[in-house]
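A structural walkthrough
Listed here are the chains, written in short residue letters.
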Amino acid sequence: MFNAYMTGQALAPVVQEAYGSDLSFYQLYADYNWGQTQQDSMNQFMTDVAGWEQVESVATPLGTKDYSSYLSEAANSGADVLILNHYGLDGANSVSQAIDAGIDEDMEILVPLYNRPMAQAAGGAIEGIYGTVAWDSQIDNDPSQQFVTAFQDEYDRLPSGPAQLAYAQTLQYAAAVERAGTFYPPEVIRQLEDYEYNNIGMGEELMRGCDHQAQRDVPVVQGLAGAEQSEGRYFEIVNVTSRDELGYACDAGPAAECELGSYE
Amino acid sequence: VSLLADVLTILLNGLQQGAIFVLLAVGLSIILGTLKFVNFAHGALYLVGTYAGLFIALDVSLTSGKLQEWGYADVGLGFGFLAALIFVPLFVFVVGLLMERFVARPFYDRPDTDQILVTFGLAIIVQELFRALFGSNSLPFEQPAWASGPIALPVVGNFPQWRLWVIAITAVLVVMVYLLVEYTDFGLVVRAGTRDAEMVRLLGIKISRPYIVVFGIGASLAGVAGVVGGPLNVVNPTVGTDILVPAFLTVVIGGVGSIAGAVLGGVLFGLTTATLIAFAPAWSQVGLYAIAAIVLLTRPQGLLGSEEVGA
């Protein structure tokens, strides 16, 4: 899985091309680790890469059900773009409520990180809204399609992104344990460090040793209209941003502040 | 004009956020006030109302759960929202009657803690039963076509139309319940029973009958809350549990047994949350509990609750 930093990096050029530069944006973010990092990343890349300007970034408690008051504030901010850094159910609620409130009439909306259950729950509200996904059953390569077929045979439905992620990561871990010949975590960690693979459906991937972050491509997607959605098809993949255009050196970005500690 | 727009927006947001709490709190409060029964399964009735409303109103395709596995993924009736608004209260009324007979009644003379335990247990059972049958995946509850999307209000600007309906439906129902309790013979017996049940019995009135109806009405209100509140969020089996604590706090603030208190509590909650989100979002959640604490410290019986009469 890519991290929040790379989400912002992958999205910025795409949305700049779609909406232009010289825009202002307003952020809402779920108030926990991922949400805080995500809004930080969006602020950085929308400012540096897209040339936009942040009006305000407001924390919403994790698990908020009713975003209407937050959305009213966002609508009155005069910003051109609303970024909803909410994931899963929170995201489904916030984006649906934003559409109900007619915010899309005056502002562009971005949902930095999607997954399928969330798109399913939000329905047509995600129409035209840009975001990224970890993996989607529409991604066309051998390992992905093999997984889709096997999953369908077993469960009689299309796998979601989180299902693929859980499967792929468990497989990664199991293989690392096998290579290490032990469950002892420090040994397993060493097996994963700087490990390169290309067999879980997202092309070449690297578990970088210096900061333990996965270096991989990031699919940028746009939500489909309710009528165009069907089982397993909720997004259109607009770009798969290559990992070569993403990330940061081991002494830059978040990695500069990363100290892994010892594991003997 | 901008200040007026801000104030009106906060007012509308507060009212709509409070409305669902009001519906739940009124039901909870009359059950607690008349039957002295602490119903932690009130959220489960909301859950039942939400799912029943969803399945009556729309064609639903389940994406997980046992029903889907057994090949019954398409469960909705698609009768439309108005049908849901009519049938769900009746259905949940019956569920309420059954709950009164088989769960509440055996526990009327038991301590509060026993009532809490049995109803909380029931709430978890219902929630997990729904999870098993209809799956953990969230389902979209589309708003009725005639009330979805934004409406351009003067001064305020765009406002989600369905939320105005939530306020209106809540107001109508609360007035109906108020009239029933204050101005009918049925209400008279219920209120008398609240004051002194023994005396009412001595006067030859079989009080268990109005009581069971009270339970049904309370349940029914939770069911309606589920139907009108359902389309505000995505639907999943935890919706009932999520709403239970705010609903109880609303009752505590307003005063047990008081319909006006439940309304005041709900509106106060909604307005406080909306105001804090506008001016100090980081404090928005604290506000709810701070009000509850202040009210409990200064007026333990709640804003409009009356102090216990007799022993």
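Right, let's walk through the structure included here.

Rules behind the numbers
- Residues numbered from 1 in each chain as written.
- Chains lettered and ligands numbered in written order.
- Predicted model: local features only at pLDDT ≥ 70, side-chain atom pairs only at ≥ 80, totals over all residues.
- Heavy atoms only, no water.
- Helix = DSSP H or I, 4+ residues; strand = E, 2+ residues; numbered from the N terminus.
- Rg over C-alpha atoms; globule rule 2.2 N^0.38 Å.
- Contact = heavy atoms within 4.5 Å.
- Buried < 20%, exposed > 50% of the residue type's maximum accessible area, 1.4 Å probe, protein only.
- Pairing = 2+ DSSP bridges.
- Right-handed = clockwise from strand over helix to strand, strands pointing away.
- Buried area = accessible area lost by both parts, 1.4 Å probe.
- Salt bridge = Lys/Arg side-chain N within 4 Å of Asp/Glu carboxyl O.
- Polar contact = N/O pair within 3.5 Å; in protein donor to acceptor, adjacent residues only side chain to side chain.
- Phe/Tyr/Trp six-rings, centres within 6.5 Å; stacked < 30°, edge-to-face > 60°.
- Lys NZ or Arg CZ within 6 Å of the ring centre and 35° of its normal.
- Expected span 1.5 Å × (residues − 1).

Digging into the overall build of chain A
- What chain A contains, in helices and strands, is nine helices and 10 strands.
- What you see for chain A is a C-alpha radius of gyration of 19 Å, in line with the 18 Å of a compact globule of 264 residues.
- The principal-axis extents of the C-alpha atoms in chain A amount to approximately 60 × 45 × 30 Å.
- In chain A, the share of contacts with a sequence separation of at least 24, taken over all contacts with a separation of at least 6, comes to 69%.

Digging into the pairing of strand S3 (residues 81-85) of chain A
All names here are of chain A.
- When you tally the buried positions in S3, you get five out of five residues, the bulk of the element.
- Here five bridges tie strand S1 (residues 24-30) to S3, and the two strands are oriented parallel to one another. In the strand pairing of S3, Tyr26 is matched with Leu82.
- Note: S3 against strand S4 (residues 108-114), three bridges, orientation parallel. Counterpart to Ile83 in the pairing with S4 is Leu110.
- Traced from S3 through helix H4 (residues 88-100) to S4, the parallel crossover comes out right-handed.

Quick look at the interface of chain A and chain B
- At the interface, 24 residues of chain A touch 27 residues of chain B.
- Both sides together, the interface formed by chain A and chain B hides about 2200 Å², and carbon and sulfur atoms give 47% of it.
- The closest approach of N and O atoms between Arg163 of chain B and Asp66 of chain A, which form a salt bridge, is 3.1 Å.
- Our count for the chain A to chain B interface comes out at 11 residue pairs in polar contact (both at pLDDT 80 or more).
- Mapped onto the side of chain A that touches chain B, the elements with two or more residues apiece are strand S2 (53-60), helix H3 (68-75), H4 and helix H5 (116-122) of chain A.

Here's the deal with the packing of aromatic side chains
- Counting across every chain of the model gives 27 aromatic pairs over all chains.
- Ring plane angle 55° and centroid distance 6.5 Å describe the contact between Tyr67 of chain A and Tyr70 of chain A, whose orientation is recorded as tilted.
- Here Phe130 of chain B and Phe134 of chain B contribute two aromatic rings whose centre-to-centre distance is 5.4 Å and whose plane-to-plane angle is 65°, an arrangement assigned as edge-to-face. Residue Phe130 of chain B and its partner Phe134 of chain B are located together in helix H5 (residues 112-134), separated by four residues, close to a single helical turn.
- Its relative accessible area of 14% is what places Phe130 of chain B among the buried residues.
- An aromatic cluster is present here, built from Trp135, Phe147, Phe151, Tyr155 and Tyr167 of chain A joined pairwise through their rings.
- Just above the ring of Tyr195 of chain A sits the side chain of Arg179 of chain A; from NZ or CZ to the centre is 3.7 Å.
- Over the ring of Phe102 of chain B we find Arg101 of chain B, and its NZ or CZ is 5.5 Å from the ring centre.

Some points on the environment of Gly8 of chain A
Residues and elements named next belong to chain A.
- Along the chain, the position of Gly8 falls in helix H1 (residues 4-19).
- Separated by 190 residues in sequence, Gly8 and Asn198 place their C-alpha atoms 24 Å apart.
- Setting aside residues no more than four positions away along its own chain, Gly8 makes contact with Gln38, Ser41, Met42, Phe45 and Met46.

Here we look at the side chain of Ser160 of chain A
All names here are of chain A.
- Tracing the backbone through its elements, the reader meets Ser160 in the loop between helix H6 (142-155) and helix H7 (161-180).
- Taking relative accessible area as the criterion, Ser160 reaches 10% and is therefore assigned buried.
- In this structure Ser160 touches Arg116, Pro117 and Trp135, once residues within four positions along its chain are discounted.

Considering the pattern of salt bridges
Residues and elements named next belong to chain B.
- Per the stated rule, a full pass over the model turns up 10 salt bridges over all chains.
- The residue Glu128 makes a salt bridge to Arg131 at a minimum N-O spacing of 3.0 Å. Of this pair, Glu128 and Arg131 both sit in helix H5, separated by three residues, roughly a single helical turn.
- Using a relative accessible area of 24% as the deciding quantity, one classes Arg131 as partly exposed.

A few points about helix H8 (residues 208-229) of chain B
- Helix length check: H8 of chain B, at 22 residues, gives a terminal C-alpha distance of 31 Å against a target of 32 Å (1.5 Å per residue), a fit within 8%.
- A large share of H8 of chain B lies buried, amounting to 19 of its 22 residues.

Focus on the sheet that holds strand S6 (residues 195-197) of chain A
Residues and elements named next belong to chain A.
- Ordered in space as S6-S7-S8, the three strands form an open sheet in which the pairing is antiparallel. With partners counted over all chains shown, the strands left at the sheet margins are S6 and strand S8 (214-215), one partner each.
- In the sheet, S6 pairs with strand S7 (residues 205-207) via three bridges, with the strands oriented antiparallel. Bridge pairing in S7 places Glu196 opposite Leu206.

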